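# Geometric and topological summary
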Amino acid sequence: MSPLQICLAFSSALFAVGLAGALARSNSILVLLGIELMLNAANLNLIAFWRFSPHGSPSTGVVFVVFAIAVAAAETAVGLALVISIYRHQQDIRLEEATRLKG
Amino acid sequence: MNTVLVIVALATVATAAAAMSRPSLLNCVLLLTVSWTGIAAFYLWAGAEFAAFAQVLIYVGAISMALMFAVLLTRRTRSDFPPARASGSRAAYAILAGAAVAAVLLAAVARSSVAAAPAPGPASTVRQLGVQLMGPHAAALLVVGVLLTVALIGAVVLAAGAGPARPEGTR
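Residues numbered from 1 in each chain as written. Chains lettered and ligands numbered in written order. Predicted model: local features only at pLDDT ≥ 70, side-chain atom pairs only at ≥ 80, totals over all residues. Heavy atoms only, no water.

## Overview of the overall build of chain B
- From N to C terminus, chain B includes six helices and zero strands.
- Sorting the 171 residues of chain B into buried and exposed places 29% on the buried side.
- Split by element, the accessible area of chain B, about 10300 Å² in all, is 73% carbon and sulfur. (Helix = DSSP H or I, 4+ residues; strand = E, 2+ residues; numbered from the N terminus. Buried < 20%, exposed > 50% of the residue type's maximum accessible area, 1.4 Å probe, protein only. Areas by Shrake-Rupley, 256 points an atom, 1.4 Å probe, with all protein chains shown as cover.)

## What about the interface of chain B and chain A?
- With 85 residues of chain B at the contact, the number on the chain A side is 69 residues.
- Overall, the association of chain B and chain A removes approximately 6600 Å² of surface from exposure, summing both partners, and the carbon and sulfur fraction of that is 76%.
- The tally of links from chain B across to chain A stands at zero salt bridges.
- Across the contact surface, chain B and chain A share 10 residue pairs in polar contact (both at pLDDT 80 or more).
- Those elements that provide at least two residues to the side of chain B that touches chain A are α1 (2–21), α2 (25–45), α3 (49–73), α4 (88–111), α5 (126–134) and α6 (138–160) of chain B.
- Of the residues in the side of chain B that touches chain A, the class split is 65 nonpolar, 15 polar and five charged. (Contact = heavy atoms within 4.5 Å. Buried area = accessible area lost by both parts, 1.4 Å probe. Salt bridge = Lys/Arg side-chain N within 4 Å of Asp/Glu carboxyl O. Polar contact = N/O pair within 3.5 Å; in protein donor to acceptor, adjacent residues only side chain to side chain. Nonpolar A, V, L, I, M, F, W, Y, C, P; charged D, E, K, R; others polar.)

## Structural notes on the nonpolar core
- Membership of the largest hydrophobic core comes to 61 residues, with the highest contact counts inside it found for Ile47 of chain A together with Phe42 and Tyr43 of chain B.
- Where this core is concerned, the elements lending two or more residues are α1 (3–24), α2 (28–52) and α3 (60–90) of chain A together with α1, α2, α3 and α5 of chain B.
- Sequence-distant contacts of Tyr43 of chain B, defined by excluding residues within four places in its chain, comprise Asn40, Asn43, Leu44, Ile47 and Val65 of chain A together with Ala48, Ala51, Ala52 and Gln55 of chain B. (Core = buried A, V, L, I, M, F, W, Y, C linked by side-chain atoms within 4.5 Å.)

Here it is, written out as structure tokens:
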């Protein structure tokens with residue numbers, strides 16, 4: 001396997017772990033963590049393709065990753081605020097309990 | 001060179017998998033911090049020092065602390081916070097879905113004919129990165145700044161809540 005394929009396999013495995021975690025756990029903080037893991041796997045791809053592209057421009061991949069990390073940080077802040085808000089209403093952060101809007 | 005990459009990849013995926021399967025929330029957050037450090041090591045390996053620095057600063061430093069706060073704020077006493085047990089069938093289906101996605105992605109990666117890696121790869125200095133960010137990507141940088149400000153103000157408003165109801169006539 002070429003190094004690029006190893007990098008892509010690495011990020012695929014990380015994405016699958018994050019997906020399984022986000023689907024399996026019922027704690028909303030852990031679901032958020034699984035989503036973060038999937039975002040990180042996408043960033044790995046960006047860096048890997050930047051590193052191994054035949055004629056890459058000097059810092060495109062790093063710029064992409066820096067912006068993606070900034071957006072992920074904003075998403076985590078809002079997600080954790082939502083978790084705390086749910087906790088205040090329900091006294092519980094398990095997703096099974098947050099069924100007030102269920103049809 | 002590839003040995004380092006394989007070791008970093010295996011360690012990162014193993015700690016992530018362990019984090020996703022531990023029953024205790026605090027263990028999960030700590031293990032994920034280790035996993036994020038592994039990703040920063042991968043960035044260093046790939047020559048993206050600034051991305052590694054940002055990863056350590058934001059994920060290992062800031063997001064893990066915010067997660068710790070959320071975990072500690074949302075648990076009551078130790079006794080009435082049982083480790084969140086996913087139901088068995090749900091976990092099985094989730095692992096099945098994850099394995100299916102992993103199989104599809106890995107098969108696609110293994111069968112794709114990607115070009116062989118160039119020897120040195122692009123080198124990026126922080127100076128070049130700064131010129132890029134302030135030149136061609138200046139508008140995006142401003143938008144990200146506005147997004148972060150709005151998101152953080154929104155997070156504070158959401159987490160602060162409505163507060164106790166004030167009596168009539170007072171401000």
